[in-house]
Each structure stands twice: as C-alpha cells, then as structure tokens.
Amino acid sequence: MNISYLNCIHDARILEYWKTQDTKEYGNIYTYISMHLGYRITVKDVKLSRDGTSLKILLANGGFSCIYFETCLEFVIEEPDSNTSVEEILFDARRLMPGSTTEVVIGGIGDIKNGSRLYLGLLRKHDKKAIRFDNANARETVFLGSLLTKE
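Only a predicted model underlies this, so the values are computations on that prediction, with no experimental measurement involved.

Caption draft 1: Structural view of the overall build of the chain. If you tally the helices and strands in the chain, you get 2 helices and 9 strands. The order of α-helices and β-strands along the chain, N terminus first, is α-β-β-α-β-β-β-β-β-β-β. Taking the principal axes of its C-alpha atoms as reference, the chain extends roughly 65 × 35 × 25 Å. In the chain, which comprises 151 residues, the proportion classed as buried is 34%. Counting only carbon and sulfur atoms, one obtains 50% of the accessible surface of the chain, whose full area is about 9,700 Å².

Caption draft 2: Broad picture of the sheet that holds strand S7 (residues 101-107). The antiparallel open sheet is built from 3 strands, whose spatial order is S3-S4-S7. Only two strands of the sheet have a single neighbouring strand rather than two, namely strand S3 (41-48) and S7. Ignoring strand direction, the axes of neighbouring strands in this sheet form an average angle of 25 degrees.

Caption draft 3: How the structure looks around the pattern of salt bridges. Under the counting rule described, the total for this entry stands at 11 salt bridges. For Arg40, the salt bridge goes to Asp134, with nearest N and O atoms at 3.0 Å. In this pair, Arg40 sits in the loop between helix H2 (29-36) and S3 while Asp134 sits in the loop between strand S8 (117-124) and strand S9 (141-146), placing the two residues 94 residues apart along the sequence. Note on Asp134: relative accessible area 39%, which makes it partly exposed. Here Arg117 and Glu78 are joined by a salt bridge, their closest N and O atoms 3.9 Å apart.

Caption draft 4: The arrangement of the environment of Leu55 in detail. Secondary-structure assignment places Leu55 in strand S4 (residues 54-61). Exposure remark for Leu55: the relative accessible area of 5% places this residue in the buried category. For Leu55 and Leu37, which are 18 residues apart along the polypeptide, the C-alpha to C-alpha distance reads 30 Å.

Caption draft 5: Inspection of the confidence of the model for the chain at higher detail. With 91% of its residues at a pLDDT of 70 or more, the chain shows a mean pLDDT of 86. Model confidence for the chain, summarised as mean pLDDT per element, is weakest for H2 at 78 and strongest for S4 at 95.

Caption draft 6: Fine view of the sheet that holds S8. Strand order in the open sheet formed by 4 strands is S6-S5-S8-S9, and the pairing between neighbours is antiparallel. Two strands lie at the open edges of the sheet, namely strand S6 (84-89) and S9, each paired on one side alone. Between one strand axis and the next, the sheet turns by 25 degrees as a mean value, whatever way the strands run. With 6 bridges joining them, strand S5 (residues 71-78) and S6 adopt antiparallel strand pairing. Paired with Ile77 across the bridge in S6 is Ser85.

Cut-offs applied
Residues numbered from 1 in each chain as written. Predicted model: local features only at pLDDT ≥ 70, side-chain atom pairs only at ≥ 80, totals over all residues. Heavy atoms only, no water. Helix = DSSP H or I, 4+ residues; strand = E, 2+ residues; numbered from the N terminus. Buried < 20%, exposed > 50% of the residue type's maximum accessible area, 1.4 Å probe, protein only. Areas by Shrake-Rupley, 256 points an atom, 1.4 Å probe, with all protein chains shown as cover. Pairing = 2+ DSSP bridges. Axes fitted to C-alpha atoms, helices over the stretch in contact; angles between N-to-C directions. Salt bridge = Lys/Arg side-chain N within 4 Å of Asp/Glu carboxyl O. pLDDT = per-residue confidence, 0-100.

Given below as structure tokens:
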C-alpha cells in the first residue's frame, strides 16, 4: 500500500495514540508518519569510480509512496570560473518504490574541470518544478561534492 496523505476521514483517537508513542529519532510515531507521507528521495552515497571517469550515486525513497509523474534527473556542474552546465540523466524516478534504493551512474566525469562543484536536481517533466531531495536543505539541488584532482 502506498500512502501519500491522510484524508479527513480518520479516527482522532488513533492520531492521539500515535502522538504518545515515542521513537528515538522523531519524538513520536505521529511525527514519523507525517514526515514520511508521500515520497522522500534522498542521496545516500556518492562515489567516484577508480578510474575517475564516472560517478555512482545511490538514491533512496524513505517515504510511504512513490513519485507518480515523469521526472528529469539533472546533473549540474558549476565550474570555478562560474560557468554552469546542466546534463539530463536518464532516470525514471517512478520506479523508485517506497523503502528501496537504486544506483545512478553518470559517465564523462574525467572531462570536468578541477575545482568544479557538482549538484543533482530532480524536476517534474511536465512543468520543470523542482522536487527537493530530503537532504538538500530546502534547495532545488543537492550538493554532491567538489571535484578535486591531483596535479
């Protein structure tokens, strides 16, 4: 079952009971449930391949539901000279089911300028509205890291 929201038909006694049940991370079950309604996409891990030519990004959906509309995953490169480029990555976020993870591989990393800052964005395809990652601190993109190479 995928849960996106709680509607107006509910048992108030159960909601009050949830508020009294403590959890370590969220305070109580009610807070936990309310923070996991819908989808909750998180960048879990980012690794550069051994040969330095690709980036492996682990995405997770910690919510109770999946994304129901087509999305675009964007890889944003902010170069030290302030030039910014955006590359669309083939990825269907609708397949990222609740509680699951998936790996996205981005190639061509070896051609990126030293000192560039790398970001990942997720947009709804039909209106280009940003879908914020859970760990993006309310920004439209999540910072993946800076590319620093030995010279």
